[in-house]
Amino acid sequence: QVQLVESGGGLVQAGGSLRLSCAASGRTFSTYTMAWFRQAPGKEREFVAAIRWSSGTTVTADSVKGRFSISRDNAKNTVNLQMNDLKPEDAAVYYCAAVFSVTLYTAEGLYRYWGQGTQVIVSS
């Protein structure tokens, strides 16, 4: 059974940085695509970034391009989201997701496995 556990959220000042991690277990993820989504209060969940585990190829949402980057650590079986120059509008619960596919999906409905989320608060 796939398990995804996020960590690294917290309170940060605008302009600061955070690094989120998603510990993945229960499968060999070489044929998976992993992603980060986020959901702010009163808003729908939105795509942030995705990575094809096998090749490390990534796609990033325009709203965070140049500030956020996704990566994976094969040795630790983790997927990370480095967030720099955080803005108040980045505040949200961030979710890790996985799908058994090598396609870099951006639609949340195509992801089968989800973590519980980690909260990011950005103070202005």
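A brief look at the structure comes next. (Residues numbered from 1 in each chain as written. Predicted model: local features only at pLDDT ≥ 70, side-chain atom pairs only at ≥ 80, totals over all residues. Heavy atoms only, no water.)

**A look at the overall build of the protein chain**
Point 1. On a plain count of helices and strands, the protein chain comes out with zero helices and eleven strands.
Point 2. Start at the N end of the protein chain and walk to the C end: the helices and strands fall as β-β-β-β-β-β-β-β-β-β-β.
Point 3. Seen through its principal axes, the protein chain has C-alpha atoms that stretch 40 × 30 × 25 Å.
Point 4. Across the 124 residues that make up the protein chain, the buried fraction comes to 42%.
Point 5. Once local pairs closer than 6 in sequence are excluded, the contacts in the protein chain between residues at least 24 apart make up 60%.
Point 6. With the model as given, the accessible surface of the protein chain reaches about 6300 Å², and the carbon-plus-sulfur share is 46%.
Point 7. Distance from the positive charge centre (12 side chains) to the negative charge centre (9 side chains) of the protein chain: 7 Å. (Helix = DSSP H or I, 4+ residues; strand = E, 2+ residues; numbered from the N terminus. Buried < 20%, exposed > 50% of the residue type's maximum accessible area, 1.4 Å probe, protein only. Contact = heavy atoms within 4.5 Å. Areas by Shrake-Rupley, 256 points an atom, 1.4 Å probe, with all protein chains shown as cover. Lys, Arg positive; Asp, Glu negative; His and termini not counted. Charge placed at Lys NZ, Arg CZ, Asp CG, Glu CD.)

**Remarks on the side chain of Arg67**
Point 1. Within the secondary structure, Arg67 sits in the loop between strand 6 (58-60) and strand 7 (68-73).
Point 2. A distance of 2.9 Å separates the side chain of Arg67 from the backbone oxygen of Asp85, its partner in a polar contact.
Point 3. Beyond its immediate stretch of four places on either side in the chain, Arg67 contacts Gln82, Met83, Asn84, Asp85, Leu86, Lys87 and Asp90. (Polar contact = N/O pair within 3.5 Å; in protein donor to acceptor, adjacent residues only side chain to side chain.)

**What to know about the environment of Asp73**
Point 1. Checked against the element boundaries, Asp73 lands in strand 7.
Point 2. When the C-alpha atoms of Asp73 and Arg27 are compared, they prove to be 15 Å apart, with 46 residues separating the residues in sequence.
Point 3. Here Ala75 takes part through its backbone nitrogen, which lies 3.0 Å from a polar atom of the side chain of Asp73.

**Focus on the state of the cysteines**
Point 1. For the coordinates displayed, the defined rule picks out one disulfide.
Point 2. With its sulfur 2.1 Å from that of its partner, Cys22 forms a disulfide with Cys96. Sign of the S-S torsion, about -75 degrees for the bond between Cys22 and Cys96, identifies this disulfide as left-handed. In this pair, Cys22 is assigned in strand 3 (residues 18-25) and Cys96 in strand 9 (residues 92-99), connecting sequence segments 74 residues apart. When sorted by exposure, Cys22 lands in the same class as Cys96, which is buried. (Disulfide = S-S within 2.5 Å.)

**Quick notes on the nonpolar core**
Point 1. Counting residues in hydrophobic clusters, the biggest one holds 39 residues, and the most contacted among them are Leu4, Met34, Trp36, Leu81, Met83 and Tyr94.
Point 2. Those elements that place two or more of their residues in this core are strand 3, strand 4 (33-39), strand 5 (46-52), strand 7, strand 8 (78-83), strand 9 and strand 11 (118-123).
Point 3. Here this core takes six residues from strand 9, the largest share from any one element. (Core = buried A, V, L, I, M, F, W, Y, C linked by side-chain atoms within 4.5 Å.)

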